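# Observations on the three-dimensional arrangement
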Amino acid sequence: MNLLIWLGFLFFVLAMVLLDLGVFHRKAHTIGIREALSWTLLWIAMALAFNVLVYFLYEHNAGDWARLETRQLTGGEAAVQFFTGYVLEKSLSIDNVFVMAMIFAYFGIPLSQQHRLLFWGILGAIVLRGVMIGLGATLIERFEWVIYVLGLLVLASAVKLMITREDSIEPDRNLVIRVVRWFYPVHHEAVGGRFFTRLDGRLAVTPMFLALVLIETTDVMFAVDSIPAVFAVTRDPFLVFTSNIFAILGLRSMYFVLAGFIDKFRYLKMSLVFVLAFVGVKMLLAHHVPIPNVASLACIAGILAVGVLASIVRTRRDATALAASRRYDPQRPGSPLVAPSAAGPHPPVE
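Given the structure is predicted, the values throughout are model-derived calculations rather than measurements. (Residues numbered from 1 in each chain as written. Predicted model: local features only at pLDDT ≥ 70, side-chain atom pairs only at ≥ 80, totals over all residues. Heavy atoms only, no water.)

## Comments concerning the overall build of the chain
- Summing up its helical and strand segments, the chain has 11 helices and 2 strands in all.
- The order of helices and strands in the chain, counted from the N terminus, is α-α-α-α-α-α-β-β-α-α-α-α-α.
- Looking at the chain as a whole, 46% of its 350 residues are labelled buried.
- Surface summary for the chain: the accessible area is close to 18400 Å², and the carbon and sulfur share equals 68%. (Helix = DSSP H or I, 4+ residues; strand = E, 2+ residues; numbered from the N terminus. Buried < 20%, exposed > 50% of the residue type's maximum accessible area, 1.4 Å probe, protein only. Areas by Shrake-Rupley, 256 points an atom, 1.4 Å probe, with all protein chains shown as cover.)

Set out below in structure tokens:
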């Protein structure tokens, strides 16, 4: 029965992905914010609906599901762990948006082809994360001290995120990209969204393929950050995997929602730094001062909310300052005769 539940979830994921690309996005087109927002809300709704299924699966021990030692959880505990892992992975995935936007800009990927590229990139990420989660769960089950290693890894990821600039990414220095270019010539045009083409009679790769390779290799680095963080919330491989996959499945649509105005959330990256730092400390204290998952969820949500609200306030202040500066421009015809003052408006000049 356990195997059937795993296979059922994998079949559901595969069916939804194929339905997304094969039916709703069969023809390449530019994804608008309204369409992307609708898909984002749909993926979130499906994750919440699945969380209800998780509750009943663990609460009523469907199919002798709770027989395994790692699944001695009540339905409420399992639901909280899934939702906390989902929120954590979803928030950490936001940093992927910055990187993906830079990759697309660097290789000149047309907007109409970005959704197809993200489909293949995320499909590969699902396989990769499944392997990494299985390995991590096995190590933690056999060696308890691994949780401390993962905690230090998460803290190191927080420091790396704090000091790394997005514009410091250099695709040409990526080892896998250099290996691909060693074996294949590169056609410097998208060529109708294809990954391979012919150049002077030889098989050649296109910028689409190079962008796909870079997305997959950078996802390895993101997975090294996020997967250990989710293990701080739950050690149940099923909850870790399903929360990760639901967060990744919504990443494509979230990219098109956020890519246009991600620069307005200037303090969100710092919020992610604090989230990772909190999770790292939680892992290091796991055997001494365990932090309840409900408290962890509240803390993570609070940190993210502070970052979003601070970003909104800063954006509005900048917009107000910019509008004020434009009201007085001595070089512009028709500009007011009086510059704006912090003390208030001056009387009109006669």
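## With respect to the nonpolar core
- In this structure, Tyr 58, Leu 88, Phe 104, Leu 117, Leu 239, Phe 246 and Val 279 are the most contacted members of the largest nonpolar core, which totals 93 residues.
- Residue contacts for Leu 239: discarding those within four places in its chain leaves Val 54, Tyr 58, Leu 73, Ala 78, Gln 81, Phe 82 and Thr 234. (Core = buried A, V, L, I, M, F, W, Y, C linked by side-chain atoms within 4.5 Å. Contact = heavy atoms within 4.5 Å.)

## Remarks on the pairing of strand β2 (residues 202–205)
- Strand direction decides the pairing type here: strand β1 (residues 196–199) and β2, joined by 4 bridges, are antiparallel. By the bridge assignment for β2, Leu 199 is matched with Arg 202.
- In sequence, β1 turns back onto β2 through a hairpin of 2 residues, with Asp 200 there showing a positive phi of about 55°. (Pairing = 2+ DSSP bridges.)

## Focus on the pattern of salt bridges
- Applying the stated rule across the entire model yields 1 salt bridge.
- Here Glu 89 ties to Arg 129 by a salt bridge, and the two come within 2.9 Å at their closest N and O atoms. Here Arg 129 lies in helix α4 (residues 111–142) and Glu 89 lies in helix α3 (residues 75–107), a separation of 40 residues in the sequence.
- Residue class for Glu 89 comes out buried when judged on its relative accessible area of 1%.
- Since its relative accessible area comes to 2%, Arg 129 is described here as buried. (Salt bridge = Lys/Arg side-chain N within 4 Å of Asp/Glu carboxyl O.)

## Quick look at a nonpolar patch on the surface
- A grouping of Leu 175, Val 176, Val 179, Trp 182, Phe 183, Tyr 184, Phe 196 and Leu 203 is seen on the molecular surface, where their side chains present a nonpolar patch of about 850 Å² in accessible area.
- With 5 residues, helix α6 (residues 175–183) is the single largest residue contributor to the nonpolar patch.
- Tracing the sequence through the fold places Phe 183 in helix α6.
- A relative accessible area of 55% places Phe 183 in the exposed class. (Patch = residues over 30% accessible without salt bridge, like charges linked within 9 Å, V, L, I, M, F, W, Y side chains within 5 Å.)

## Here's the deal with the packing of aromatic side chains
- If you walk through the whole model with that rule in mind, you get 14 aromatic pairs.
- Ring geometry for Phe 9 against Phe 238: centres 6.3 Å apart, planes inclined by 70°, an arrangement best described as edge-to-face. Linking Phe 9 in helix α1 (residues 2–24) with Phe 238 in helix α8 (residues 237–249), this pair joins segments that are 229 residues apart in sequence. Comparing Phe 9 with Phe 238, the two get one shared label, buried.
- With centroids separated by 5.9 Å and ring planes inclined at 75°, the aromatic side chains of Phe 9 and Phe 241 adopt a geometry described as edge-to-face. Of this pair, Phe 9 sits in helix α1 while Phe 241 sits in helix α8; the two residues are 232 residues apart in sequence, bridging distant segments of the chain.
- By relative accessible area, Phe 9 is classed as buried at 4%.
- Among the aromatic residues, ring-to-ring pairing joins Trp 6, Phe 9, Phe 12, Phe 50, Phe 82, Tyr 86, Phe 238, Phe 241 and Phe 246 into one connected group. (Phe/Tyr/Trp six-rings, centres within 6.5 Å; stacked < 30°, edge-to-face > 60°.)

## A look at the packing of helix α5 (residues 146–163) against helix α10 (residues 268–284)
- α10 packs onto α5 with a crossing angle of 165° between their chain directions and a minimal axis gap of 8 Å. Comparing the axis directions of α5 and α10 gives the class roughly antiparallel. Handedness of the crossing formed by α5 with α10: left-handed. Across from Ile 147, Tyr 148, Leu 150, Gly 151, Leu 152, Val 154, Leu 155, Ser 157, Ala 158, Leu 161 and Met 162 in α5, the residues of α10 making contact are Lys 269, Met 270, Leu 272, Val 273, Leu 276, Ala 277, Val 279, Gly 280, Val 281, Met 283 and Leu 284.
- Here the residues of the contact of α5 with α10 sort into 18 nonpolar, 3 polar and 1 charged. (Axes fitted to C-alpha atoms, helices over the stretch in contact; angles between N-to-C directions. Parallel < 35°, antiparallel > 145°, perpendicular 65-115°, else oblique. Left-handed = near helix turned anticlockwise from the far one by under 90°. Nonpolar A, V, L, I, M, F, W, Y, C, P; charged D, E, K, R; others polar.)

## Observations concerning the packing of helix α2 (residues 33–59) against helix α9 (residues 251–258)
- The geometry of α2 relative to α9 is characterised by a closest axis approach of 8 Å and an angle of 140° between their N-to-C directions. Here α9 runs oblique to α2, going by the angle between their axes. Seen along the crossing, α2 lies across α9 with a hand that is left-handed. In this structure, α2 contributes Ile 33, Ala 36, Leu 37, Trp 39, Thr 40 and Trp 43 to the contact, and α9 contributes Arg 252, Ser 253, Met 254, Phe 256 and Val 257.
- Classifying every residue of the contact of α2 with α9 gives 8 nonpolar, 2 polar and 1 charged.

## Examining the environment of Ala 301
- For Ala 301, the position within the fold is in helix α11 (residues 293–327).
- By relative accessible area, Ala 301 is classed as partly exposed at 37%.
- For Ala 301 and Val 87, which are 214 residues apart along the polypeptide, the C-alpha to C-alpha distance reads 8.0 Å.

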